[in-house]
Amino acid sequence: MFNDIGPLELVTLIVLAVLVFGPDKLPKFIQDVTRTLRKIREFSDNAKNDIRSELGPEFKDFEFEDLNPKAFLRKQLDNDELGLKDIRSTFDLKREMAELTDSVNGHDTASALPGPTSSAPTSSAPTSSAASGGRVDMTKKPEAPKDDRPPFDADAT
């Protein structure tokens, strides 16, 4: 409940409580607050038990924490009915990124799509992630100037 309160803040709160309520009324105030918190917690537990009993025996293992969307998704994704663990184990992000980088840069690779790749420009940089030590080079390479630009006509513009 008070995970983010530091020691200096706690001392400040105690000093303020002593100043506001006074040293003679402070113990009674603390007892009233703890009694109220205990009643609220008891009321909450009774409400949870009533809801569980009304849901019936098929919801015996129902937990209210599962209603949190993050916990619900985590529980459903851990359930391997969809086969997501197999998909995660076969997917290699580094290899996929290396193939994507090579195809964008126009490098020939064994897994590249079939087609005319003989006219693609080649570079002296390593093309596979294994040759570069497992790292993928995502920097933009300067392209060589091409001669296939249309001629410039100064009178036309």
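Numbers given for residues are sequential positions, taken from 1 along each chain in its written order. Residue-level local features of this predicted model are given only where pLDDT is at least 70; pairs of side-chain atoms are given and counted only at 80 or more, and the full residue set underlies all totals for whole chains, interfaces and linings. Hydrogens and water are ignored here; the side-chain numbers use all heavy atoms of the structure.

Draft legend 1. Expanded view of helix 4 (residues 93-105). Where helices and strands are cited, they refer to DSSP runs of H or I of at least four residues and of E of at least two residues respectively, numbered from the N terminus. Between the first and last residue of a helix there are one fewer steps than residues, each counted as 1.5 Å, and that sum is the expected span. The end-to-end C-alpha separation of helix 4 is 18 Å, in line with the 18 Å expected for 13 residues at 1.5 Å each. Just downstream of helix 4, G106 is the residue with a positive phi angle, here 85°.

Draft legend 2. Examining the confidence of the model for the chain more closely. The predictor reports its confidence for every residue as pLDDT, a score running from 0 up to 100. Put simply, the chain has an average pLDDT of 75, and 68% of its residues get 70 or more. The weakest mean pLDDT in the chain belongs to helix 3 (residues 84-90) at 71; the strongest belongs to helix 1 (residues 7-55) at 91.

Draft legend 3. The arrangement of the packing of aromatic side chains in detail. For this analysis, a ring pair means two rings from Phe, Tyr or Trp (six-membered ring only for Trp) whose centres lie within 6.5 Å, classed as stacked if their planes differ by under 30 degrees, edge-to-face if by over 60, and tilted for the remaining angles. One pass over the structure, following the stated rule, counts one aromatic pair. With centroids separated by 4.0 Å and ring planes inclined at 20°, the aromatic side chains of F21 and F29 adopt a geometry described as stacked. Partly exposed describes any residue whose relative accessible area lies between the buried limit of under 20% and the exposed limit of over 50%, with all areas from a 1.4 Å probe on protein chains only and scaled to the type maximum. Residue F21 is classed as partly exposed on the basis of its relative accessible area, which comes to 31%. For F29, a relative accessible area of 34% gives the class partly exposed.

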